[in-house]
Amino acid sequence: MNKIIIAGPCTFASYDEIKKIASLLKERGIEYFRAGTFKMRTDPNSFQGLRDEGMEMLLKLKEELDIKIVTELTTIEQVKKYGDKIDIIQIGTRNMYNYELLKEVGKTKTPVILKRNFAASYNEWIKAAEYIKREGNTNIILCERGVRNTISNETRNILDLQAIPYIKNNTDYKIIIDPSHASGLSYMVESMSCAALTAGADGLLIEVHYDPSQSLCDSKETIDFDTLDKIIEFYKTM
Ligand code: PEP
Ligand code: MN
């Protein structure tokens with residue numbers, strides 16, 4: 001099976017919290033732990049992540065639990081400092097157009113998840129990936145995470161599953177799906193995960209917490225471990 005599952009909380013407030021979540025993931029055979037410490041929040045008054053202190057915790061977790069760390073880096077300085085210490089660098093939707101940041105990520109040898117900007121065309125997204133590739137880093141995974149919902153406000157974004165066959169047919173990149181930020185609603189995450197895997201996605205990036213209501217950020221879209229177990233069951237049938 002070469003599809004990848006990356007899971008974990010949106011962000012976190014303590015080492016105990018990430019250790020508990022990562023342990024529950026390891027028990028299920030999930031190798032990649034996601035958690036944001038440099039958060040790109042729309043509202044400057046909302047929690048911005050534990051930042052460098054959080055990164056120290058993620059690196060400690062990697063050592064202690066032997067789990068792979070996926071986290072978003074938002075500046076050139078962060079890429080220089082942490083780019084080769086983590087397992088996958090995540091570039092968030094807001095930074096897909098930050099070409100100087102993409103070039104810096106391209107200078108590392110670390111795999112990169114490049115999220116699609118919520119209003120980017122496929123072509124703009126693919127060109128953004130080229131900025132990384134041109135610097136030498138060819139280990140690029142594209143991630144569809146929902147495009148802006150211009151029709152209604154019932155869901156946070158709209159998951160563009162058509163991106164999967166488009167990327168598969170027109171590029172050599174791998175493509176994974178983030179069903180959490182797409183709808184913003186936890187009850188949609190299981191069905192959209194199964195739909196994405198069925199449509200040929202190379203993997204999933206999912207927000208999960210042992211108690212979603214306690215999640216500091218994006219609690220409405222965060223699933224619990226019972227739901228994650230159902231997704232894993234389906235994933236095993238692929
Ligand atoms: C995230 O995955 O933590 C995140 C902030 O996603 P996005 O950049 O897609 O909003
Ligand atoms: Mn989130």
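Residues numbered from 1 in each chain as written. Chains lettered and ligands numbered in written order. Predicted model: local features only at pLDDT ≥ 70, side-chain atom pairs only at ≥ 80, totals over all residues. Heavy atoms only, no water.

Participant: Sorry, what's going on with the packing of aromatic side chains here?
Facilitator: To describe a pair of aromatic rings, one takes the distance between the centres and the angle between the planes. Following the criterion strictly, the structure yields three aromatic pairs and no others. Geometrically, the ring pair formed by phenylalanine 38 and tyrosine 82 is tilted, given 6.1 Å between the ring centres and 35 degrees between the ring planes. Taken together, the residues span a long stretch of sequence, with phenylalanine 38 in the loop between strand E2 (32-34) and helix H2 (52-65) and tyrosine 82 in helix H3 (residues 76-82) at a distance of 44 residues. For phenylalanine 38, a relative accessible area of 2% corresponds to the buried category. Of the residues examined, tyrosine 82 reaches a relative accessible area of 2% and is grouped as buried. (Phe/Tyr/Trp six-rings, centres within 6.5 Å; stacked < 30°, edge-to-face > 60°. Helix = DSSP H or I, 4+ residues; strand = E, 2+ residues; numbered from the N terminus. Buried < 20%, exposed > 50% of the residue type's maximum accessible area, 1.4 Å probe, protein only.)

Participant: How should the coordination of the manganese ion (ligand 2) be read in this particular structure?
Facilitator: The reference angle at a metal is 109.5 degrees if four donors form a tetrahedron and 90 or 180 degrees if six donors form an octahedron. For the manganese ion (ligand 2), the protein coordination sphere consists of Cys10 (SG), His181 (NE2), Glu207 (OE) and Asp218 (OD), at 2.0 to 2.4 Å. The exposure class of histidine 181 is buried, given its relative accessible area of 8%. (Donors = N, O, S within 2.8 Å, 3.2 Å for Na, K, Ca; no water.)

Participant: I keep staring at the environment of tyrosine 97 and nothing clicks. Help me out?
Facilitator: The residue tyrosine 97 is located in the loop between strand E4 (88-91) and helix H4 (99-106) in this model. C-alpha of tyrosine 97 to C-alpha of phenylalanine 33: the two residues are 64 residues apart in sequence and 25 Å apart in space. Residues contacting tyrosine 97, with those up to four places away along its chain left out, are Asn117, Ala119, Ala120 and Glu124. Here the side chain of tyrosine 97 touches glutamate 124 through a polar contact of 3.0 Å, side chain to side chain. (Contact = heavy atoms within 4.5 Å. Polar contact = N/O pair within 3.5 Å; in protein donor to acceptor, adjacent residues only side chain to side chain.)

Participant: Would you take a moment to explain the sheet that holds strand E9 (residues 174-177) for this structure?
Facilitator: Backbone hydrogen bonds are what pair the strands of a sheet, in a parallel or an antiparallel way. Read around the barrel, eight strands follow the order E1-E2-E3-E4-E5-E6-E9-E10 and close on themselves; strand pairing throughout is parallel. Direction aside, neighbouring strands of the sheet carry axes that sit 25 degrees apart on average. Of the strands in this sheet, E2 and strand E3 (68-72) are in contact with H2, which crosses E3 at around 160 degrees. On the sheet, helix H6 (residues 163-170) packs against strand E6 (140-144) and E9 and is oriented at approximately 170 degrees with respect to E9. (Pairing = 2+ DSSP bridges. Axes fitted to C-alpha atoms, helices over the stretch in contact; angles between N-to-C directions.)

Participant: I tried to follow the nonpolar core on my own but got confused; where do I start?
Facilitator: Nonpolar side chains in soluble globular proteins tend to be buried together. In terms of nonpolar packing, the biggest core is built from 64 residues, with Leu25, Phe33, Leu61, Leu114, Trp125 and Leu228 touching the most fellow members. Filtering out sequence-adjacent residues up to four positions away, leucine 25 remains in contact with Ala7, Gly8, Ile30, Phe33, Val208, Phe225 and Leu228. By size, the runner-up hydrophobic cluster in this structure holds 10 residues, among which are Ile4, Tyr32, Ile88 and Ile176. (Core = buried A, V, L, I, M, F, W, Y, C linked by side-chain atoms within 4.5 Å.)

Participant: Please explain the site of ligand 1 as it appears in this structure.
Facilitator: Lining the immediate surroundings of ligand 1 are Arg34, Lys39, Glu72, Gln90, Gly92, Thr93, Arg94, Lys115, Arg145 and His181. Arginine 34 has a polar side-chain atom sitting 2.7 Å from an oxygen atom of ligand 1. At 2.9 Å from an oxygen atom of ligand 1 is found a side-chain nitrogen or oxygen belonging to lysine 115. Isolated, ligand 1 exposes 290 Å² of accessible area, and the fraction of that covered by the protein chains is 96%. Per-class residue counts for the shell around ligand 1 are no nonpolar, four polar and six charged. (Near = heavy atom within 4 Å. Areas by Shrake-Rupley, 256 points an atom, 1.4 Å probe, with all protein chains shown as cover. Nonpolar A, V, L, I, M, F, W, Y, C, P; charged D, E, K, R; others polar.)

Participant: Just to check I follow, could you spell out the pairing of strand E1 (residues 4-8) for this structure?
Facilitator: Each regular strand shows side chains that alternate between the opposite faces of the sheet. Across the five residues of E1, five count as buried, placing the element largely inside the fold. In E1, alternate side chains face the same way, and those of Ile4, Ile6 and Gly8 on one face and Ile5 and Ala7 on the other are all buried. Direction of pairing for E1 relative to strand E10 (residues 203-207): parallel, over a ladder of five bridges. Its bridge partner being in E10, glycine 8 is matched across the sheet by glutamate 207.

Participant: I tried to follow the pattern of salt bridges on my own but got confused; where do I start?
Facilitator: The final tally for this structure, using the stated rule, is 16 salt bridges. Between glutamate 27 and arginine 28 there is a salt bridge whose closest N-O contact spans 3.9 Å. Residue classification places glutamate 27 among the exposed residues on the basis of a relative accessible area of 63%. With a closest N to O distance of 2.6 Å, arginine 156 and glutamate 221 form a salt bridge. Here arginine 156, found in the loop between strand E7 (147-148) and strand E8 (157-158), pairs with glutamate 221, found in the loop between E10 and helix H9 (225-236); they are 65 residues apart in sequence, far enough to count as distant. Residue class for arginine 156 comes out partly exposed when judged on its relative accessible area of 38%. Of the residues examined, glutamate 221 reaches a relative accessible area of 2% and is grouped as buried. (Salt bridge = Lys/Arg side-chain N within 4 Å of Asp/Glu carboxyl O.)

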